[in-house]
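# Summary of structural features
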Amino acid sequence: MKPQFTKSTGFKLGFKLNMQIIADALEETFSQMELYDTENTCCLEGVKIFSAKTSLKKNYVYLISSCSVDEKFSDYREIPFIIVGRADTGLFPENSPILQIIDGTDFLEIFDLIQETFEIYKKWDWKLQEALNSQKPLDEILLASMEVFRNPMFIHDTNFFILSCPKHPQRMLYWETDPRTGRKMVPISTINDFKLDKEYLEGLGKKEPVIFSAYQRGYRILFVNLWCNGKYEGRILVDEIQNPIRPGDLYVIEYLGKLIEMCIQSKELFWLSMDNEMEQFFLNFLSEKIQDEQQIINYLHLLRWNLNDRYLCLRIITEQKDFSLVSSTATLGQIDAQIFSGHTFLYDNSIVVIVNLSYENTTPQKILRELAIILREGLLKIGVSSEVNSFMLIPKAYHQARIALELGRISDSMYWYYYFEDYMLEYMIACASKDVPIQLLCMSSLQKLRKYDKENNTELYRTLLIFLRLERNFLQTSTKLFIHRSTLSYRLKRIQKITGVDLDNPSERLRLLISFYMLEGSSLELP
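Here is a short report on the structure shown in this document. (Residues numbered from 1 in each chain as written. Predicted model: local features only at pLDDT ≥ 70, side-chain atom pairs only at ≥ 80, totals over all residues. Heavy atoms only, no water.)

### Describing the environment of glutamate 140
- Checked against the element boundaries, glutamate 140 lands in helix α3 (residues 137-149).
- Note: C-alpha distance between glutamate 140 and glutamine 129 (11 residues apart in sequence) is 9.9 Å.
- The contacts of glutamate 140, once residues within four sequence positions are left out, are Ala131 and Ser134. (Helix = DSSP H or I, 4+ residues; strand = E, 2+ residues; numbered from the N terminus. Contact = heavy atoms within 4.5 Å.)

Given below as structure tokens:
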């Protein structure tokens, strides 16, 4: 994922430091420091040595010796300074961001330490962005972040399921295994304690980073809540087990939270947290290895789907001979980004999409419109199942999508989408003809007409076909056959006498039409 600004979140990738983060880093080397910065805005991109000959920028912090500070510094408004030694801060404009290193003497050593701090966070930010394209993004994000926070970290969702915990030191809270899903989660006893804890309850509504006291666990916990469209989605936590939590860590975890919220906002929460697990569930369910209804309901709960929502299944294949797995994965990502209420995965040499139509009250036609450009540009063909009203019917719906694709490519090869309902009759005939030849499935009366036409040089077979396909409309049938209505009436009487069919009987007309369909094919064009 490239650095980008998203209008929906107002968040731009690219971490910047503030004076507090720099002070935290220098505190390990220098014990006497004074920080004057009321806003502590994260806007700093680097450090420079102060020179009166150059113009100063607000996004850089300037290192200066205390002996160089004089009355001229009253002109440098909002410019951050780090002063080596003690100086009169009254010479600077009011509320200026200033850090004094009182016991510092080696000017170049301090410059190198500050520059190294910028490099550490720059490297961390780059690792975060690389992690977004990894197989286990949340784990990679936390592994990179633990180098900055210097403490173990984990993320849980709204139901206290552990989304990521790449390292688990002994002092950390142990995880239980949920018997329904097999996922790791915060112990039930701890959850119950939280429900009665005032500090925890107050923290649920916080939009800014918070530090839990050591009262519950014996160590402090830094956390930030994750929000999407005003809804609580989970929490990132840092356990103060290995190193003290520093004031600047609150700004760092706030940025981390915004990064993950951006992914949630762009529908990446489950991709980040449990992509492999959910994909395995869909693969097992589609191949009917999972049939326990309660287990299925539990997984649907994670997706916020309901068992009896309206569902659609799509099967997508390509006409390109050189279409690789990499291409399939890229296309899968494009499709997944277009369908907010669906789950996309590779199955049986195809891309499969399970769409929850109820989630956004959408329709199959709208789903196909959203995919139209991707499918056409990728030379893709798509089979579309009937709409089903239970998730339990998805394996059957996939079977429909596969059949629609197979039959559609044979009879309508120029199309790029095929609805199962358009090929339903073809499928039923194909199934029936596996045991009984087509000729024996058709009404014998049509064979009589064909024989009569051949012996008497008439067109009764074609007349009946057109008459039925035009829904017994005398005028349209006469026009199509270029005959008078009285001639048509005469022919129909001859047909009924030869075959014995009752054209006023709907069931008999239906059987005749199906028989014509089997004998003449699926084309709706009249002969």
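Following the structure, the description resumes.
### With respect to the nonpolar core
- Counting residues in each nonpolar core, the largest one holds 52 residues, and the members touching the most others are Ile22, Ile82, Ile114, Trp124, Ile141, Ile236 and Leu256.
- Per-element tally for this core: the top contributor is helix α6 (residues 249-265), with 9 residues.
- By size, the runner-up hydrophobic cluster in this structure holds 44 residues, among which are Ile290, Ile296, Leu300 and Ile394. (Core = buried A, V, L, I, M, F, W, Y, C linked by side-chain atoms within 4.5 Å. Buried < 20%, exposed > 50% of the residue type's maximum accessible area, 1.4 Å probe, protein only.)

### Side note on the side chain of aspartate 453
- Within the fold, aspartate 453 resides in helix α14 (residues 444-456).
- Those residues within four positions of aspartate 453 in sequence are excluded, and the remaining contacts are Thr458, Glu459, Leu460 and Tyr461.

### A few points about the sheet that holds strand β17 (residues 350-356)
- Ordered by their spatial adjacency, 5 strands build an open sheet running β16-β17-β15-β18-β19, and the pairing between neighbours is mixed. At either end of the open sheet lies a strand with only one pairing partner, and these are β16 (342-347) and β19 (417-419). The sheet shows a mean angle of 20° between the axes of neighbouring strands, taken without regard to direction.
- Running over the sheet, helix α10 (residues 364-377) touches β15 (311-318), β17, β18 (380-384) and β19 and is turned about 165° from β18.
- Each of β15, β16, β17, β18 and β19 is contacted by helix α11 (residues 394-411), which is oriented at about 40° to β15, the strand it contacts most. (Pairing = 2+ DSSP bridges. Axes fitted to C-alpha atoms, helices over the stretch in contact; angles between N-to-C directions.)

### Here's the deal with the pattern of salt bridges
- Evaluation of the coordinates by the stated rule reveals 14 salt bridges.
- In this structure, the salt-bridge partner of glutamate 34 is arginine 86, at a minimum N-O distance of 3.5 Å. Within this pair, whereas glutamate 34 is found in strand β3 (residues 33-36), its partner arginine 86 is found in the loop between β6 (81-84) and β7 (98-101), the two being separated by 52 residues in sequence.
- With a closest N to O distance of 2.9 Å, glutamate 406 and arginine 402 form a salt bridge. One end of the pair is glutamate 406 and the other is arginine 402, both in helix α11 and 4 residues apart, which spans about a single turn.
- Of the residues examined, glutamate 406 reaches a relative accessible area of 41% and is grouped as partly exposed.
- Bridged by salt links that share partners, the residues Glu28, Arg150, Arg246 and Asp249 form one connected network. (Salt bridge = Lys/Arg side-chain N within 4 Å of Asp/Glu carboxyl O.)

### A closer look at empty space enclosed by the protein
- In the structure shown here, the tally under the stated rule is 3 cavities of 30 Å³ or more.
- Space inside the largest cavity adds up to approximately 140 Å³.
- As for the largest cavity, its lining consists of 17 residues, and the residues nearest its centre are Phe154, Leu173, Phe194, Ile221 and Leu237.
- Ranked by the residues each element gives to the lining of the largest cavity, the list is headed by strand β14 (residues 231-239), at 3 residues. (1 Å grid on protein atoms, 1.4 Å probe; cavity = no way out; pocket = protein on both sides within 12 Å on 5 of 7 lines; lining within 4 Å. Points joined across faces, edges and corners; volume = space filled by probe spheres on them.)

### Re unusual backbone geometry
- The backbone of aspartate 348 shows a phi angle near 55°, a positive value even though the residue is not glycine.
- According to the relative accessible area criterion, aspartate 348 is partly exposed, its value standing at 43%.
- Positioned with a positive phi, arginine 472 is a non-glycine residue whose angle comes to about 60°.
- Its place among the elements puts arginine 472 in the loop between α15 (460-469) and α16 (474-481).
- Judged by its relative accessible area of 32%, arginine 472 is partly exposed.

Worth remembering: the numbers are spatial, not functional.
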